Amino acid sequence: MASRRRAAEDKNTKLLRELAALPANKQCFDCLQRGPTYINVTIGSFVCTTCSGILRGLTPPHRVKSISMTTFTPEEIEYLKSRGNEYCKYVWLGTFDTSTNSIESEVSDDQRKRDFMVQKYEKKRWYVDPDIAVKKMQSDKQRQGVAQSQSFGTRSNSVIETQPLSRLLGKSPTALIVQNNQAAETWPHPVSSASAPSISTKTAAQNHGSRSIDLLSEFGGDASTPSTQASAHFCSFCKIN
């Protein structure tokens, strides 16, 4: 029996630490100090040691319990799971205008901190009905989710879309033919400038050869005739003319 109760207490302590690790619960709800060590069981908020003492002295006093040094009943655990600092902000600070006031300035010293908590809890200066507060909280979360999705979509559209090669070339792309040139595979050996004919010399020789062939074809010569016979025909033609 004792071991079962001990296991249940350990489970509750673990759950409380997980709730305390949520972003909104990492700061004291009343003074924004980091690392709350107490829970205001009256409203379900996470608070620091200093604020827990002030809460006990309010009218009516708030019931505060240490996270690590006390035990919590199953009913308290279920209650805290549906509360937390974010929920309490929409209820107890629902009409607090952050554009003209700041919580930091309201809790700059112990006296101002206590006055601020009196205004918040005893006089309920910024209190909003829980049903209205929950609807407002859900609406804000939904709006934030839409804004984040739109922001993500904008970043995604800014990235250039990568398309496959088949889409870029079309349905019937022209085949690419690669010739296997045996000569191109061999790296050319360097040739000295003295032994290598110049480009102009090669060009002149090619042009001369082409003109000789054209003249022979015009005068009835045969391109396959030896050069001596072609010269004789050409000279006889000159003598006749």
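The rules behind these values
Residues numbered from 1 in each chain as written. Predicted model: local features only at pLDDT ≥ 70, side-chain atom pairs only at ≥ 80, totals over all residues. Heavy atoms only, no water. Pairing = 2+ DSSP bridges. Helix = DSSP H or I, 4+ residues; strand = E, 2+ residues; numbered from the N terminus. Axes fitted to C-alpha atoms, helices over the stretch in contact; angles between N-to-C directions. Contact = heavy atoms within 4.5 Å. Parallel < 35°, antiparallel > 145°, perpendicular 65-115°, else oblique. Left-handed = near helix turned anticlockwise from the far one by under 90°. Nonpolar A, V, L, I, M, F, W, Y, C, P; charged D, E, K, R; others polar. Salt bridge = Lys/Arg side-chain N within 4 Å of Asp/Glu carboxyl O. Polar contact = N/O pair within 3.5 Å; in protein donor to acceptor, adjacent residues only side chain to side chain. Buried < 20%, exposed > 50% of the residue type's maximum accessible area, 1.4 Å probe, protein only. Disulfide = S-S within 2.5 Å.

- Per an unreviewed UniProt entry, the protein chain carries the name Arf-GAP domain and FG repeat-containing and comes from Argiope bruennichi.

Let's talk about the sheet that holds strand β2 (residues 45-47)
Thought 1: Ordered in space as β2-β1-β3, the three strands form an open sheet in which the pairing is antiparallel. Two strands close off the open sheet at either side, each with one partner strand: β2 and β3 (64-66). Along the sheet, successive strands turn relative to each other by an average axial angle of 30°, direction set aside.
Thought 2: Pairing analysis gives three bridges linking strand β1 (residues 38-40) to β2, with the strands arranged antiparallel. Following the sheet pairing, Ile-39 is matched in β2 by Phe-46.

So, the environment of Gly-44
Thought 1: Within the fold, Gly-44 resides in the loop between β1 and β2.
Thought 2: Between the C-alpha atoms of Gly-44 and Asn-85, which are 41 residues apart in sequence, the distance is 7.5 Å.
Thought 3: With residues near it in sequence (within four places) discarded, Gly-44 still touches Tyr-79, Leu-80, Arg-83, Gly-84, Asn-85 and Cys-88.

Concerning the packing of helix α1 (residues 2-20) against helix α3 (residues 74-81)
The packing of two helices is summarised by the inter-axis angle and the distance between the axes.
Thought 1: α3 packs onto α1 with a crossing angle of 15° between their chain directions and a minimal axis gap of 11 Å. Judged on the interaxial angle alone, α3 and α1 are roughly parallel. Crossing of α1 over α3 shows left-handed handedness. For the pair formed by α1 and α3, the contact residues are Asn-12, Leu-15, Leu-16 and Leu-19 on the first element and Ile-77, Leu-80 and Lys-81 on the second.
Thought 2: Split into classes, the residues belonging to the contact of α1 with α3 amount to five nonpolar, one polar and one charged.

Section: the packing of helix α2 (residues 49-56) against helix α6 (residues 110-122)
Thought 1: Where α2 contacts α6, the axes come no closer than 11 Å and their chain directions differ by 55°. Taken together, the axes of α2 and α6 are oblique relative to one another. For the pair α2 and α6, the sense of crossing is right-handed. Residues Thr-50, Cys-51, Ile-54 and Leu-55 of α2 touch α6, and the partners they reach there are Asp-110, Lys-113, Arg-114, Met-117 and Tyr-121.
Thought 2: Looking at the contact of α2 with α6, its residues break down into five nonpolar, one polar and three charged.

Re the pattern of salt bridges
When the charged atoms of two side chains with opposite charge come close together, those side chains can pair.
Thought 1: Summed over the entire model, instances satisfying the criterion amount to eight salt bridges.
Thought 2: Each member of the salt-bridge network shares a partner with another, and the members are Arg-63, Lys-65 and Glu-76.

Observations regarding the side chain of Lys-65
Thought 1: Of note, Lys-65 is situated in strand β3.
Thought 2: Polar contacts involving the side chain of Lys-65 include one to the main-chain carbonyl oxygen of Thr-71, which spans 2.5 Å.
Thought 3: Apart from the residues within four sequence positions on either side, Lys-65 is in contact with Tyr-38, Ile-39, Val-41, Thr-70, Thr-71, Phe-72 and Glu-76.

Description of helix α4 (residues 85-92)
Thought 1: Most of α4 is tucked away: six of the eight residues are buried.
Thought 2: Turning to α4, its buried residues number three or more, namely Asn-85, Tyr-87, Cys-88, Tyr-90, Val-91 and Trp-92.

Some remarks on the state of the cysteines
Thought 1: Inspection of the entire model under this criterion finds zero disulfides.
Thought 2: Lacking any disulfide linkage, Cys-31 is separated from the closest cysteine sulfur, that of Cys-48, by 3.6 Å.
Thought 3: Cys-31 sits in the buried class, given a relative accessible area of 13%.
Thought 4: Of all cysteine sulfurs, the one in Cys-48 lies closest to Cys-51, which takes part in no disulfide; the gap is 3.6 Å.
Thought 5: Residue classification places Cys-51 among the buried residues on the basis of a relative accessible area of 0%.

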